[in-house]
Amino acid sequence: MPPIQFVDLKRQYRNLQPEMDAAVLRALGRGDYILGEDTREFEKEYAQFIGAAHCLGVGDGTDALHLALLAAGVGAGDEVIVQANTYIASVLAISLAGATPVLVDCDPETYNLDLAAVERALTPRTKALLPVHLYGQPADLDPLLAIARDRKLAVIEDVAQAHGAKYKGRTVGTFGDVGCFSFYPGKNLGAYGDGGAVVTNSPALAERLSLLRNYGQKVKYVHLVRGFNSRLDTVQAAILRVKLPHLARWNEQRRAAAALYTELLAGTRLVLPKVAPWAEPVWHLYVVQTDDRAGLQAALDAEGIQHGIHYPVPVHLQEAYRDLGHREGSFPVTEAMAPRLLSLPMFPEITEEEVRRVAAVCAAF
Ligand SMILES: *Cc1c(COP(=O)(O)O)cnc(C)c1O
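This write-up is about the structure you can find in this document. Just so we're clear, the structure is a prediction, and the values are computed from it rather than from any experiment.

1. Quick notes on the packing of helix α1 (residues 9-30) against helix α8 (residues 234-265)
Two quantities define a packed helix pair, namely the angle between the axes and the distance from one axis to the other.
Turning to step 1, where the next piece is worked out: Axis separation between α1 and α8 bottoms out at 8 Å; the angle between their running directions is 150°. Of the two elements, α1 crosses α8, and the hand of that crossing is right-handed. Contacts from Gln12, Leu16, Glu19, Met20, Ala23, Val24, Ala27, Leu28 and Arg30 of α1 reach α8 at Thr234, Val235, Ala238, Ile239, Val242, Lys243, His246 and Trp250.
Turning to step 2, where the next piece is worked out: Here the contact of α1 with α8 is composed, by residue class, of eleven nonpolar, three polar and three charged.

2. Here we look at the packing of aromatic side chains
Turning to step 1, where the next piece is worked out: Using the criterion set out here, one finds twelve aromatic pairs in the structure.
Turning to step 2, where the next piece is worked out: Taking the centre distance of 6.2 Å and the plane angle of 15° together, the rings of Tyr46 and Phe49 count as stacked. Separated by three residues within a single helix, Tyr46 and Phe49 lie in helix α2 (residues 37-50), roughly one turn from each other.
Turning to step 3, where the next piece is worked out: Here Tyr46 falls in the buried class, since its relative accessible area comes to 0%.
Turning to step 4, where the next piece is worked out: Between the aromatic rings of Tyr87 and Tyr311, the centroid separation amounts to 5.4 Å while the plane-to-plane angle is 35°, which identifies the pairing as tilted. With Tyr87 in the loop between β2 (79-83) and α4 (88-96) and Tyr311 in the loop between α9 (293-302) and α10 (332-337), this residue pair connects regions lying 224 residues apart in the sequence.
Turning to step 5, where the next piece is worked out: The class of Tyr87 is partly exposed, set by a relative accessible area of 44%.
Turning to step 6, where the next piece is worked out: For Tyr311, a relative accessible area of 18% gives the class buried.
Turning to step 7, where the next piece is worked out: Clustering of aromatic rings is evident, with ring pairs tying together Phe42, Tyr46, Phe49, Phe181 and Phe183.
Turning to step 8, where the next piece is worked out: Between Arg170 and the ring centre of Phe175, over which it is positioned, the NZ or CZ distance is 4.1 Å.

3. A word on the site of the ligand
Turning to step 1, where the next piece is worked out: Near the ligand you find 13 residues, and of these Gly61, Thr62, Asp158, Ser182 and Lys187 are the closest.
Turning to step 2, where the next piece is worked out: Here a nitrogen atom of the ligand sits 2.8 Å away from a polar atom, N or O, in the side chain of Asp158.
Turning to step 3, where the next piece is worked out: Contacts to the ligand include Gln161, whose side-chain N or O atom sits 2.8 Å from an oxygen atom.
Turning to step 4, where the next piece is worked out: Protein coverage of the free-state accessible area of the ligand, which is 380 Å², stands at 92%.
Turning to step 5, where the next piece is worked out: Those elements that provide at least two residues to the shell around the ligand are α3 (61-71) and α4.
Turning to step 6, where the next piece is worked out: Classifying every residue of the shell around the ligand gives four nonpolar, six polar and three charged.

Thresholds, definitions, all that
Residues numbered from 1 in each chain as written. Predicted model: local features only at pLDDT ≥ 70, side-chain atom pairs only at ≥ 80, totals over all residues. Heavy atoms only, no water. Axes fitted to C-alpha atoms, helices over the stretch in contact; angles between N-to-C directions. Helix = DSSP H or I, 4+ residues; strand = E, 2+ residues; numbered from the N terminus. Left-handed = near helix turned anticlockwise from the far one by under 90°. Contact = heavy atoms within 4.5 Å. Nonpolar A, V, L, I, M, F, W, Y, C, P; charged D, E, K, R; others polar. Phe/Tyr/Trp six-rings, centres within 6.5 Å; stacked < 30°, edge-to-face > 60°. Buried < 20%, exposed > 50% of the residue type's maximum accessible area, 1.4 Å probe, protein only. Lys NZ or Arg CZ within 6 Å of the ring centre and 35° of its normal. Near = heavy atom within 4 Å. Polar contact = N/O pair within 3.5 Å; in protein donor to acceptor, adjacent residues only side chain to side chain. Areas by Shrake-Rupley, 256 points an atom, 1.4 Å probe, with all protein chains shown as cover.

Right, dumping it as structure tokens:
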């Protein structure tokens, strides 16, 4: 049996190769390598896809979050609430902005922010909420937006895993003040290198973000604020423009693979992902829980089936965040899950036969 990769990026490239190679060569030939035509056009096309008024390409997803926080006025002395069970970049962005990350536990069913925990974490210094649409599952935004309205907090959505996911029929990334995307190669929409974007409906935030990503300048050599160098490369934008028209179909293919996993694994001892009634997830990851992860990993390894763990060590137990003063027991739901999580192969081009093989190994185990 041939091995099954966790994410096979080459399969997608092969399907797109003639068009992709031509687009890259066109961008190379044009010579506008920074903030060129493809970046401008991609920004328009991506804003339209997401349903936001403005989109600005930035260097990567971490920068998207960092710049969004700064644009929203978050800085030293401010607190930003985020879940402990996210990829560390969500939290690093808060630190980069000079603010203090306030970690909270997650909901055991959806793995997204626990609302009661958010309420408990609010203080007079809370300046923003940073919901993560983890694994491609939209967070329950309405209650968060209500808290934000009451308290005049900014909401910065981390949409790095959820390009095109919908909450109550509307695309996530458009609910908060800024939606932040990563185009890391393995994401639902991935470049062939690093890339990211911010979307917003606020002209004022769009203006600030356009300054922040480009040395604080609108006109060359006129620096209005102390900005950064964080721009989406023209060549990466050209690549993303080839991919974007396929994204909705790719998300459908992920949905089909997820539905098949769910059907085939129902009745096993695995805990399967749950989808809230208001959620249209895009299945960046298909994450199960098992009582015997090492055993399941060994069974998959024996069949040449790759798998992942998202994430093995929660942020609050990482050396990098020791100074936040948490310890084991701080976030019981996150901690109880961490040793049980396992991500099964998931990418748009995974075949039905491959999903069936993976599921068969899981079911037999
Ligand atoms: C990938 C990711 C990021 C960071 O994006 P980069 O482009 O790698 O900087 C942030 N948050 C989440 C949830 C992610 O999955």
